[in-house]
Amino acid sequence: MDEKSKRIIVVGIPGVGKTTVLSEVKKSLEQLGVQTALAEFGKIMLEEALLLNIKNRDDIRRLQIQDQKNLQRKAATKIVQIISDIVIIDTHLFINTFEGYYPGLPMELINQLEPSNLILIVAKPEEIYHRRQNDSTRDRDIISIDSIQNEIELSKMLISSCSVISGAPFKIIPNDENHLKECIKNLVDIIMSNS
Ligand code: AMP
Ligand code: MG
């Protein structure tokens, strides 16, 4: 391992289970003796947004785009300062805003983050739909199963663009009900393969 932190960007539409998967991945890596930091992009943006009187991370996407961009830039600057063998970044390829989809990883930002790997977590649209409906901790957007399917298709297109821009390989990993363990193992294996 060289001195630079290795950054893994993990994306997936809301309700796909990223946060759950990633906390388990962190535990597994630490059991293997790999120092791991988990950077939740939305949480770090919220720390900055508190200064704008925003108290809930689901209100960030309802801000003016320019304000979101400023918060996004500040969060990225904080994330590149995190030093750990592995830094896993839990974020989004696109944000559903009033003006349409806004990129979570515009070119300058992905160049700043310099990821070694890109991971897209997917799940069956019906499962995502139910997870969103049952998540009382969040103010999730409730959209139709067809719209969720379209967002998954869009994610596949966008992850390939991010790969071309950054030169990092990308992998699409399913996180279907009852397959959580496989999803975690898949991710740990990728991270361990070149650590
Ligand atoms: P999450 O907890 O992952 O659902 O993220 C909460 C919120 O943080 C999202 O709804 C977005 O408003 C914001 N967010 C997360 N990642 C990004 C990003 N890369 N660019 C812009 N906004 C982001
Ligand atoms: Mg999450």
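An account of the accompanying structure is given in this report. All chains use their own residue numbering, which begins from 1 and follows the written sequence. Chains carry letters and ligands carry numbers; both start at the beginning, A for chains and 1 for ligands, and go up in the order they are written. Where local features are concerned, this predicted model is filtered to residues with pLDDT of at least 70; where side-chain atom pairs are given and counted, the filter is 80 or more; whole-chain, interface and lining totals use all residues. Derived side-chain values reflect all non-hydrogen atoms in the structure, with water molecules and hydrogen atoms excluded from consideration.

Turning our attention to the state of the cysteines. When the sulfur atoms of two cysteines come within 2.5 Å, that pair is taken as a disulfide. Counted by the stated rule, this structure contains 0 disulfides. With no disulfide of its own, Cys 162 lies closest to Cys 183 among cysteine sulfurs, the gap being 19 Å.

A pair of strands counts as paired when DSSP detects no fewer than two bridges linking them. Put simply, DSSP H or I for four residues or longer makes a helix, DSSP E for two residues or longer makes a strand, and each gets a number counted from the N terminus. The strand order across the open sheet built from 5 strands is β2-β3-β1-β6-β7, with neighbouring strands paired in parallel fashion. The strands lining the two open edges of the sheet, one partner per strand, are β2 (36-40) and β7 (170-174). Strand after strand, the sheet turns through a mean of 20° between neighbouring axes, direction not considered. Relative to β7, strand β6 (residues 117-122) runs parallel, the two sharing 5 bridges. Paired with Ile 119 across the two strands is Lys 171, which belongs to β7. Should any heavy atoms of two residues lie within 4.5 Å, those residues are considered in contact. Convention adopted: a line fitted to C-alpha atoms gives each axis, helices being fitted over their contacting stretch, and angles between N-to-C directions are expressed from 0 to 180 degrees. Taken strand by strand, helix α2 (residues 41-49) contacts β2 and β3 (86-91), and its axis lies near 60° from that of β2. The strands that helix α7 (residues 180-193) touches are β1 (6-11), β3, β6 and β7; relative to β7, the one it contacts most, it runs at about 160°.

Before going further, it helps to spend a moment on the packing of aromatic side chains. The way to describe two aromatic rings as a pair is by their centre distance and the angle between their planes. Two rings from Phe, Tyr or Trp (for Trp, the six-membered ring) form a pair when their centres are within 6.5 Å of each other. A pair whose planes differ by under 30 degrees is stacked, one over 60 is edge-to-face, and the rest are tilted. Overall, the coordinates contain 1 aromatic pair when judged by the stated rule. Ring centres 4.7 Å apart and planes at 65° place the aromatic pair Phe 94 and Tyr 101 in the edge-to-face group. Judged by relative accessible area, Phe 94 falls into the buried class, the value being 9%. Since its relative accessible area comes to 44%, Tyr 101 is described here as partly exposed. Per-residue accessibility, obtained with a 1.4 Å probe over protein chains only, is compared with the maximum for each type, and a residue is labelled buried under 20%, exposed over 50%, and partly exposed between these values.

Any functional reading would require information that these geometric values do not contain.
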